Structure formats: structure tokens, C-alpha cells
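# Structural overview for review
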Amino acid sequence: MIDQLPRWVWVAGGALSFAAGLMNAVGLLAFGAEAVTHLTGTTTLIAGHLGFGRWDSALHLLGILGAFCLGAVFSGWLIRDEHLRLGRRYTVALGIEALLVLAATQAFFWREPAAYYLLASAVGLQNAMATTFSGAVMRTSHLSGMFTDLAIYLGHALRGLPVAKKRIAVCLLVIGGFSSGALVGAWGMRSIGPAVLLVAAAIATGLAIAHALRPASRAGKV
């Protein structure tokens, strides 16, 4: 599947990884100090808060988890296909992501807990969408799988086994995009506050416009 990915999927994957890193940095550095791009730590914290009887904190984190899942559910409902099929559905999904990020930006300025739910739903929608159009090769919102794959490929290389260079390229693309996005998000939080989320909204909007204007005859070309 990875050898058949069009060039625009690589571009979109890198851009969305950057946006996800930026959004997660804002979530961690804002008033609530919570991650929005990955659920492993969130699930662990929910269990920890429940264990200590911190019901309000557990409920808030459960809201973040649920919002992420709702975003992914909406993506699955909208896009439907398990394989890449170009059409207006990706444009709509990216447009809705941009609107969610814009709403989250305002909510962060107001220090409303709903900011985290809005941002998590945007990330969940994005991650499900990217997983669909990349054939489950790119997951833009978390890096555990990417680092694991890189380590596996390193182990193969040490044994003298063949390694798929494009798979390594995918890992480096997502890791590099996410890390640089997180750096920009941290710098932005220090400089302009939650307004840095407008960069993520602009990325989603730009990709939506680019996809909508892409000639159908060139849509599938590598």
C-alpha cells in the first residue's frame, strides 16, 4: 500500500502531523495541562483519578477521550471507505476540523474546559481521516507506533535483513512533523497564547481548499 500512496498524501500527512503536534503542545501548556492527541496516557490518568476518588478530574478526562472518539466516529461516518477514494468528503472533513480548532481557540482564551473537548474532537477526526486516506500507514496524532516501527527496522538492519525505505520515510515524516509542530506550539503559547492554534486551523483550511481545487485527472497520480 505504501508504494502506491500519491504524493499529495505524503504532503498532507506531514502537514497534519505538524498540526497535531502543535495542538497537543497547546493542550499541555494551556490552563488544563492535558494532552489531546493520544489516549494511552489519558486512559491511565482516568484510572488513576478514579483510584484516588477524584471524580471531577476523571470525568473531565473522560470527556476528552470521548470527544476524540466522537471525532473519529464522525470521520468514519463521513468518509466511509477503508481505502482512498477522492471526493468532497475529505474537503468537508478538513473544513470541519478547521472550525473545531477555531472554536477551541476561543474557548482556550475563555479558559473553558470545553476547549479540550473541541480540540480533541478535531484531532480524532483528523487522525481517523489520515488513517483512511493513507491506508492505515500514517497516524498523525501519536508517535508510539512510529518509534516502534523505526526500532523494528533498525533491528532488521542490524540482522542484515532488507528494510523498506519508504516505511522509514513515513516514520520520519510523522515524527518530524509532529515534533516541529509541538515546537511551534510551545513557542506560540509563550509568545501569543492560544492564538497559535490558528496555524493548525489554517493548515486544515489550506488542505481543504487544495483538495477541493485539485483536478480530478491528477488526483491519483504519484
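You'll find the structure just up there.
Residues numbered from 1 in each chain as written. Predicted model: local features only at pLDDT ≥ 70, side-chain atom pairs only at ≥ 80, totals over all residues. Heavy atoms only, no water.

Looking now at the overall build of the chain. On a plain count of helices and strands, the chain comes out with eight helices and zero strands. Each helix and strand of the chain, placed in order from N terminus to C terminus, yields the pattern α-α-α-α-α-α-α-α. Looking at the chain as a whole, 44% of its 222 residues qualify as buried. Only carbon and sulfur atoms are counted for the fraction: they give 67% of the accessible area of the chain, which is about 11,100 Å². (Helix = DSSP H or I, 4+ residues; strand = E, 2+ residues; numbered from the N terminus. Buried < 20%, exposed > 50% of the residue type's maximum accessible area, 1.4 Å probe, protein only. Areas by Shrake-Rupley, 256 points an atom, 1.4 Å probe, with all protein chains shown as cover.)

Once that is clear, we can look at the nonpolar core. It is characteristic of soluble globular proteins that their nonpolar side chains tend to be buried jointly. Membership of the largest hydrophobic core comes to 55 residues, with the highest contact counts inside it found for Met 23, Val 101, Phe 108, Leu 119 and Leu 197. Elements with a minimum of two residues in this core: α1 (7–29), α3 (55–79), α4 (88–109), α5 (114–133), α6 (144–158), α7 (165–191) and α8 (197–213). Counting residues per element, this core draws most heavily on α1, at ten residues. Ignoring anything within four residues of it in the chain, the contact list for Phe 108 reads Val 26, Gly 27, Ala 30, Phe 31, Ala 115, Tyr 116, Leu 119, Pro 194 and Leu 197. (Core = buried A, V, L, I, M, F, W, Y, C linked by side-chain atoms within 4.5 Å. Contact = heavy atoms within 4.5 Å.)

Moving on, we come to the environment of Ala 107. Mapped onto the fold, Ala 107 is located in helix α4. Given a relative accessible area of 6%, Ala 107 falls into the buried group. In sequence terms Ala 107 and Leu 118 are eleven residues apart; their C-alpha atoms lie 8.6 Å from each other.

Further remarks concern the packing of aromatic side chains. Tallying each qualifying case throughout the model produces four aromatic pairs. Consider the rings of Phe 31 and Tyr 116, whose centres lie 5.6 Å apart with planes at 75°: the pair is edge-to-face. In this pair, Phe 31 is assigned in the loop between α1 and α2 (40–51) and Tyr 116 in helix α5, connecting sequence segments 85 residues apart. Here Phe 31 falls in the partly exposed class, since its relative accessible area comes to 29%. With relative accessibility at 0%, the residue Tyr 116 sits in the buried group. Among the aromatic residues, those joined into a cluster by ring pairs are Phe 31, Phe 108 and Tyr 116. It is Arg 54 that lies over the ring of Phe 52; its NZ or CZ is 4.6 Å from the centre. (Phe/Tyr/Trp six-rings, centres within 6.5 Å; stacked < 30°, edge-to-face > 60°. Lys NZ or Arg CZ within 6 Å of the ring centre and 35° of its normal.)

Where the residue is not glycine, phi is negative for most of them; where a peptide bond is considered, it is trans in most cases. With phi around 50°, Ala 33 is a residue other than glycine that occupies positive phi space. Summarising the element assignment, Ala 33 is placed in the loop between α1 and α2. Owing to a relative accessible area of 43%, Ala 33 belongs among the partly exposed residues under this scheme. Phi angles above zero are rare outside glycine, and Arg 111 is one such case at about 55°.

Let us now look at the packing of α3 against α4. Where α3 contacts α4, the axes come no closer than 9 Å and their chain directions differ by 155°. Here α3 is positioned roughly antiparallel relative to α4, judged by the angle of their axes. Our pair here, α3 against α4, has a crossing hand that is right-handed. On the side of α3, the interface is formed by Phe 74, Leu 78 and Ile 79, while α4 contributes Arg 89, Tyr 90, Val 92, Ala 93 and Ile 96. (Axes fitted to C-alpha atoms, helices over the stretch in contact; angles between N-to-C directions. Parallel < 35°, antiparallel > 145°, perpendicular 65-115°, else oblique. Left-handed = near helix turned anticlockwise from the far one by under 90°.)

Between α2 and α3, whose axes approach to 8 Å, the crossing angle comes to 160°. By the angle between their directions, the pair α2 and α3 is classed as roughly antiparallel. For the element pair α2 and α3, the recorded crossing hand is left-handed. Listed contacts from α3 to Thr 42, Thr 43, Leu 45, Ile 46, His 49 and Leu 50 of α2 are Trp 55, Ser 57, Ala 58, Leu 61, Leu 62 and Leu 65.

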